[in-house]
Amino acid sequence: MKKTLWMYSAALLMSSQIVSAVEVNGYFRTGMGGTDHGDMQECFKLTGALSKYRLGNECEQYGEVFASQELAELSDHSKIKINGMVQFYNDYGKSLKFSGDNGYTRMNQIYLDWTNVSFLNGGNFWAGRRYYNRNDINMSDFFYWNQSGTGFGIDHYKLDKFALSYVFSRKDDLFQDKYVNRHDFTVSDIKLNDKNELNFGLSYIDHENDGWAFTIQNITSNILNGKNTIAFQYGEGAGTGLSYTGNVSLDRDNTSFRMLDVVDWQSPNKVLNGQAQVLYQINDYSQQEDTKWLSIGSRTSYVLDDHFKLTGEIGYDQIKQGNETRDLTKITIAPTFTLKGTGYYDRPELRLYYTYAFWNEAEQKMRDLTNPDSSFYSTSNGSNFGIQLEHSW
């Protein structure tokens, strides 16, 4: 079988035509901001939470450029491409070096992609370091289901009423210290009706302390002129990362459960639009105190004309650990200038913003302990103001 596939692939490649089309796209956000104390802007995030609410609450210069070069179109009309992405990151208040203590520059994607392969029923094959099956909540930039990694995969092997995908990877990203084998299986594109699509995912972490995680996700389209995403996730041991590679020192007596509900919406007259989320996660540990994380937030824009809208965002995070409860609330108001539409995902946007946040005493003690040099040391509230340009193409 392997010899047959190799000969078939070689024959297709020999009969192909080399092409030279290059596709380039990217994303960046840049800005500046300060605190009400006259210091450089500090972002507001509940200590221990996995995400924060983004509007008026990002403290870095960030960019990414993605390029895709088609190498060949084969006789079965499948295509081979090489793809790469360069990522740039630099903290606010530091020289724009994008390296060292100031930030980083890295090749976060580099992979070969063979698409529309006939013996994969129109599916695709890829190998390298790739962002893959990334499901996120935009307003908090939280990637709750993410199969990115360094490895290889079969993408969307099409069957009658659904598709199958498989990924083998050894590193989630460049920041992961150790190589750990992870297997991701996905059943996708299950049409329940004309509005609902169901997806299932299973991750298995192959390690001395093995672990697994399961995800079920339903996306309902054409609701409130947008969509509604509901997901449930459960993991054990190293699977408590819930689709990421979790802590491999944990055995399977340690578990995590997460549920989330995200709505993208727009009023019929397109004057109002936004996103709202509810997320709840329980981490049940065998050797340490359990934690419960609740996150509720909403972003709403009021459109005044074709190139201007007023956007507000409020987010609340709470973590209960043992007998202690810590919480933080963040509120932002942002007059926003637009060039290509006023929808929630339309870019570019130029924003002026004012952000105010407050937190309880337990969170204040934790913040003072972990960041004694903070502009908000020994306080229970603070605010930032600034300007930000965000664009994608």
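About the thresholds
Residues numbered from 1 in each chain as written. Predicted model: local features only at pLDDT ≥ 70, side-chain atom pairs only at ≥ 80, totals over all residues. Heavy atoms only, no water. Helix = DSSP H or I, 4+ residues; strand = E, 2+ residues; numbered from the N terminus. Rg over C-alpha atoms; globule rule 2.2 N^0.38 Å. Buried < 20%, exposed > 50% of the residue type's maximum accessible area, 1.4 Å probe, protein only. Salt bridge = Lys/Arg side-chain N within 4 Å of Asp/Glu carboxyl O. Pairing = 2+ DSSP bridges. Phe/Tyr/Trp six-rings, centres within 6.5 Å; stacked < 30°, edge-to-face > 60°. Lys NZ or Arg CZ within 6 Å of the ring centre and 35° of its normal.

*Asks:* Which residues make up the overall build of the chain, and what values do they have?
*Replies:* If you tally the helices and strands in the chain, you get two helices and 21 strands. Over its C-alpha atoms the chain spans a radius of gyration of 23 Å, differing by no more than 12% from the 21 Å that the globule rule assigns to 393 residues. By its C-alpha atoms, the chain is 70 × 55 × 50 Å across when sized along the principal axes. Split into buried and exposed, the 393 residues of the chain put 48% on the buried side.

*Asks:* Quick rundown of the pattern of salt bridges? Include the residues and the values.
*Replies:* Following the criterion strictly, the structure yields 21 salt bridges and no others. Two residues, E236 and R252, come together in a salt bridge whose shortest N-O distance is 3.4 Å. Of this pair, E236 sits in strand β14 (residues 226–236) while R252 sits in the loop between β14 and β15 (255–266); the two residues are 16 residues apart in sequence, bridging distant segments of the chain. Looking at E236, the relative accessible area reads 15%, which means it is buried.

*Asks:* How would you summarise the pairing of strand β17 (residues 291–305) if you had to cite specific residues and measurements?
*Replies:* Here strand β16 (residues 272–284) pairs with β17 via twelve bridges, running antiparallel. Within the sheet, the bridge partner assigned to V278 lies in β17 and is I296. Connecting β16 to the next strand, β17, in antiparallel fashion are six residues. Bridge count for β17 against strand β18 (residues 308–321) is 14 bridges, and the pairing is antiparallel. Bridge assignment links L294 to a residue of β18, and that residue is Q318. Linkage of β17 to β18, two consecutive antiparallel strands, is achieved through a turn of two residues.

*Asks:* I'd love a proper account of the packing of aromatic side chains, names of residues and values included.
*Replies:* A complete count under the given rule lists 21 aromatic pairs for this structure. Considering the side-chain rings of F88 and F98, the 6.0 Å spacing of their centres and the 80 degrees angle between planes classify their relative orientation as edge-to-face. Residue F88 is located in strand β4 (residues 79–91), and its partner F98 is located in the loop between β4 and β5 (103–117); the two are separated by ten residues in the primary sequence. On the numbers, 5.5 Å between centres and 70 degrees between planes, the contact of Y104 with F175 is edge-to-face. Of this pair, Y104 sits in strand β5 while F175 sits in the loop between β10 (163–171) and β11 (181–191), and the two are 71 residues apart along the sequence. Three or more aromatic residues joined by ring pairs make a cluster, and in this case those are F125, F152, Y166, F168 and F185. Note that R134 overlies the ring of Y131, its terminal NZ or CZ placed 3.7 Å from the centroid. Seen from the ring of W359, R367 lies directly overhead, with NZ or CZ sitting 4.2 Å from the centre.

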